[in-house]
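Summary of the model geometry
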Amino acid sequence: GENVEQHPSTLSVQEGDSAVIKCTYSDSASNYFPWYKQELGKGPQLIIDIRSNVGEKKDQRIAVTLNKTAKHFSLHITETQPEDSAVYFCAARHLEGGGNKLTFGTGTQLKVEL
Amino acid sequence: EPEVTQTPSHQVTQMGQEVILRCVPISNHLYFYWYRQILGQKVEFLVSFYNNEISEKSEIFDDQFSVERPDGSNFTLKIRSTKLEDSAMYFCASSETPSRRASGNLAKNIQYFGAGTRLSVL
């Protein structure tokens, strides 16, 4: 089955700096890669997603890049703000495959310091 | 904005007891899921449910677990005889359609998560 690895497990940045979180996946059939943000006391919330037919997607300060050959994808947050502090999870899934299950990474605790 | 609602937020139970975790998915969604997250570990898929039957389940979802949609709005996860290792955060999620029907429309595939129920087995 699919296995998703994520690093780093914790990341501290100064406000205004960029943050990068990286994930690798094992199943070449996976073709959908969402990123979720989990704030304290809340469930994971989707912040951006990408399909394998594109290499990059941007939404304001957030971008995701995908390298299908190397089977890795990354989340980039620019101009970080204190409200970006949260746990971020990457995930992978095969959209047309057997089921709808998401396979998650281990999560990254991002702390944006003033 | 519509959201997935889970109750209770925290459930404490004795080992061997049955628990029922409740979820109200987003109203026009047809596909429902349970995931769990043991403290400090990954979010893990348990089961997906569509059209009143289990669509897929993981190896974690053994005979002690069951899911049900008892009425038009609730989706429940039952653990028959809880074990210490069942202590975790349980997340319910829902999506609008199954992926095979909507692979061309990413928005319909998005899984929306509830805030979770923290289950503590003593």
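These remarks concern the structure in this document. This structure is a prediction, so every number in the text was calculated from the model and none was measured. (Residues numbered from 1 in each chain as written. Chains lettered and ligands numbered in written order. Predicted model: local features only at pLDDT ≥ 70, side-chain atom pairs only at ≥ 80, totals over all residues. Heavy atoms only, no water.)

**A short note on the sheet that holds strand β7 (residues 65-68) of chain B**
All names here are of chain B. The condition that has to hold: Think of it this way: DSSP has to see at least two bridges between two strands before they count as a pair. To qualify as a helix, a DSSP run of H or I must reach at least 4 residues; to qualify as a strand, a run of E must reach at least 2; elements of each kind are numbered from the N terminus. Inter-axis angles, ranging from 0 to 180 degrees, are taken between N-to-C directions of lines fitted to C-alpha atoms, where helices are fitted over the stretch in contact.
One open sheet accounts for 4 strands, arranged β1-β3-β8-β7; its pairing is antiparallel. A strand with exactly one partner marks an edge of an open sheet, and here the two such strands are β1 (5-7) and β7. Taking the axes of each pair of neighbouring strands and ignoring which way they run, one obtains an average angle of 20 degrees across the sheet. Bridge analysis of β7 against strand β8 (residues 75-79) gives 4 bridges, and the strand direction is antiparallel. Each residue of the ladder has a partner; that of Phe65, found in β8, is Ile79.

**Structural notes on the pairing of strand β5 (residues 43-50) of chain B**
Residue and element names in this part refer to chain B. Short version of the rule: Relative accessibility under 20% of the residue-type maximum defines a buried residue, over 50% an exposed one, and the middle range a partly exposed one, all with a 1.4 Å probe and only protein chains included.
When you tally the buried positions in β5, you get 6 out of 8 residues, the bulk of the element. Counting the residues in the hairpin turn of strand β4 (residues 31-37) and β5 gives 5 residues, including Gly40, whose phi is positive at 80 degrees. Sheet topology note: the β5/strand β6 (residues 53-57) ladder contains 4 bridges and is antiparallel. Following the sheet pairing, Val47 is matched in β6 by Lys57. Here β5 hands over to β6 after 2 residues, with Asn51 in that stretch at a positive phi of 55 degrees.

**What to know about the state of the cysteines**
A covalent bond bridging the sulfur atoms of two cysteines is what the word disulfide describes. Residues and elements named next belong to chain B. What counts here: When two cysteine sulfur atoms lie within 2.5 Å, the pair is treated as a disulfide.
Within this structure, the stated rule accounts for 2 disulfides over all chains. The partner cysteine of Cys23 in its disulfide is Cys92, sulfur to sulfur 1.9 Å. Handedness here is read from the sign of the S-S torsion; for Cys23 and Cys92, about -65 degrees, the answer is left-handed. Taken together, the residues span a long stretch of sequence, with Cys23 in strand β3 (residues 19-24) and Cys92 in strand β9 (residues 88-95) at a distance of 69 residues. An identical accessibility class is assigned to Cys23 and Cys92; each is buried.

**Some thoughts on the interface of chain B and chain A**
Note the threshold: Residue contacts follow a heavy-atom distance rule, with two residues in contact if any of their heavy atoms lie within 4.5 Å. Here's the idea: put two parts together, see how much 1.4 Å probe accessible area each one loses, and the total over both is what we call buried area. One speaks of a salt bridge when a side-chain nitrogen belonging to Lys or Arg is within 4 Å of a carboxyl oxygen belonging to Asp or Glu. Any pair of N or O atoms that falls within 3.5 Å is considered a polar contact. Within protein, one atom must be able to donate a hydrogen and the other to accept it, and sequence-neighbouring residues count only if both atoms are side-chain atoms.
With 23 residues of chain B in contact, the opposing surface of chain A contributes 26 residues. Here chain B meets chain A over a buried area of about 2,100 Å², counting both sides, of which 52% is carbon and sulfur. Along the contact surface separating chain B from chain A lie 0 salt bridges. Across the chain B-chain A interface, the total number found is 7 residue pairs in polar contact (both at pLDDT 80 or more). Of all elements in the fold, only β4, β5, β9 and α1 (106-109) of chain B reach the threshold of two or more residues within the side of chain B that touches chain A. Broken down by element, the side of chain B that touches chain A gets its largest block of residues, 4 residues, from β4(B).

**Considering the pattern of salt bridges**
Residues and elements named next belong to chain A. Evaluation of the coordinates by the stated rule reveals 5 salt bridges over all chains. Glu39 is the salt-bridge partner of Lys37, the closest N and O atoms lying 3.9 Å from each other. A residue is classified by how much of its surface remains accessible, and Lys37, at 17% relative accessible area, is buried. By relative accessible area, which is 32% here, Glu39 ends up partly exposed. Among the charged side chains, a network of salt bridges with common partners joins Lys37, Glu39 and Lys42.

**Thoughts on the sheet that holds strand β7 (residues 62-67) of chain A**
All names here are of chain A. The sheet built from 5 strands is open, its strands ordered β1-β3-β8-β7-β6 with antiparallel pairing. Of all the strands in the sheet, just β1 (4-7) and β6 (56-59) have a single pairing partner and so form its edges. Put simply, the sheet's adjacent strands are angled 15 degrees from each other on average, direction ignored. The pairing of β7 with strand β8 (residues 72-77) spans 6 bridges and is classified as antiparallel. Paired with Asn67 across the two strands is His72, which belongs to β8.

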